[in-house]
Amino acid sequence: QVQLVESGGGLVQAGGSLRLSCAASGRTVSSLSMGWFRQAPGKEREFVVTNSRSGYTSIADSVKDRFTISRDNAKNTVYLQMNNLKPEDTAAYYCAAALRNVGSSPYDYEYWGQGTQVTVSS
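Residues numbered from 1 in each chain as written. Predicted model: local features only at pLDDT ≥ 70, side-chain atom pairs only at ≥ 80, totals over all residues. Heavy atoms only, no water.

**Quick look at the nonpolar core**
Grouped together as the largest cluster of nonpolar side chains are 35 residues, with contacts concentrated most on Leu4, Trp36, Leu80, Met82 and Tyr93. Where this core is concerned, the elements lending two or more residues are β3 (18-25), β4 (33-39), β5 (46-51), β7 (67-72), β8 (77-82), β9 (91-98) and β11 (116-121). Examining the composition of this core, we find that six residues originate from one element, β9, more than from any other. Once residues lying within four places of it in the same chain are set aside, the contact partners of Tyr93 are Glu6, Leu20, Trp36, Phe37, Arg38, Val48, Phe67, Leu80, Met82, Gly115, Thr116 and Val118. (Core = buried A, V, L, I, M, F, W, Y, C linked by side-chain atoms within 4.5 Å. Buried < 20%, exposed > 50% of the residue type's maximum accessible area, 1.4 Å probe, protein only. Helix = DSSP H or I, 4+ residues; strand = E, 2+ residues; numbered from the N terminus. Contact = heavy atoms within 4.5 Å.)

**Re the sheet that holds β3**
Spatially, four strands are ordered β1-β3-β8-β7 in an open sheet, and the strand pairing comes out antiparallel. Edge positions in the sheet fall to β1 (3-7) and β7, since each of these pairs with one other strand and no more. Pairwise comparison of adjacent strand axes, ignoring direction, gives a mean angle of 20° for this sheet. One ladder, built from six bridges, connects β3 with β8; its direction is antiparallel. Residue pairing across strands places Leu18 opposite Met82, the latter belonging to β8. (Pairing = 2+ DSSP bridges. Axes fitted to C-alpha atoms, helices over the stretch in contact; angles between N-to-C directions.)

**With respect to the environment of Gln3**
Within the element layout of this structure, Gln3 appears in strand β1. Between the C-alpha atoms of Gln3 and Tyr111, which are 108 residues apart in sequence, the distance is 7.2 Å. Ignoring any residue separated from it by four or fewer positions in sequence, one finds Gln3 in contact with Ala23, Ala24, Ser25 and Gly26.

**Some details on the pattern of salt bridges**
Following the criterion strictly, the structure yields three salt bridges and no others. In this structure, the salt-bridge partner of Glu46 is Arg38, at a minimum N-O distance of 2.9 Å. Where Arg66 meets Asp89, a salt bridge forms, and the shortest distance between an N and an O atom there is 2.7 Å. Taken together, the positions of Arg66 in the loop between β6 (57-59) and β7 and Asp89 in the loop between β8 and β9 put the pair 23 residues apart, joining distant regions of the chain. Taking the relative accessible area as the measure of exposure, Arg66 reaches 8% and is therefore buried. One connected set of salt bridges, linked through shared partners, spans Arg38, Glu46, Arg66 and Asp89. (Salt bridge = Lys/Arg side-chain N within 4 Å of Asp/Glu carboxyl O.)

**With respect to the state of the cysteines**
Using the criterion set out here, one finds one disulfide in the structure. Each sulfur of the disulfide joining Cys22 and Cys95 lies 2.0 Å from the other. Disulfide Cys22 to Cys95: torsion about the S-S bond roughly -75°, handedness left-handed. With Cys22 in strand β3 and Cys95 in strand β9, the pair connects residues that are 73 residues apart, well separated along the chain. Cys22 sits in the buried class, given a relative accessible area of 0%. (Disulfide = S-S within 2.5 Å.)

In structure tokens:
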């Protein structure tokens, strides 16, 4: 069983930055494909970025050049660095993990965190 705990969300002005953390337990992040998704009120869960266990990274066009995923295997933590935030980035952000190489579909991920809220003011 894998447990994921996100942190780092908050309120930020447009153009600002936040770094979200996803601390994993139960398995090492190096053995997992890790992804970030987001969900705004009234909308479906949306893919943000994924980093597969084989090292492949895929990122949504809407956040490309602004968001970056990274891992710290020593801390067993995955990060989402978000720069130049826009009001349309406002959403609950979820960390997800999979036991195999997966892509951008949320249905491919077996484990989910509880989410952390990001609000970007204009």
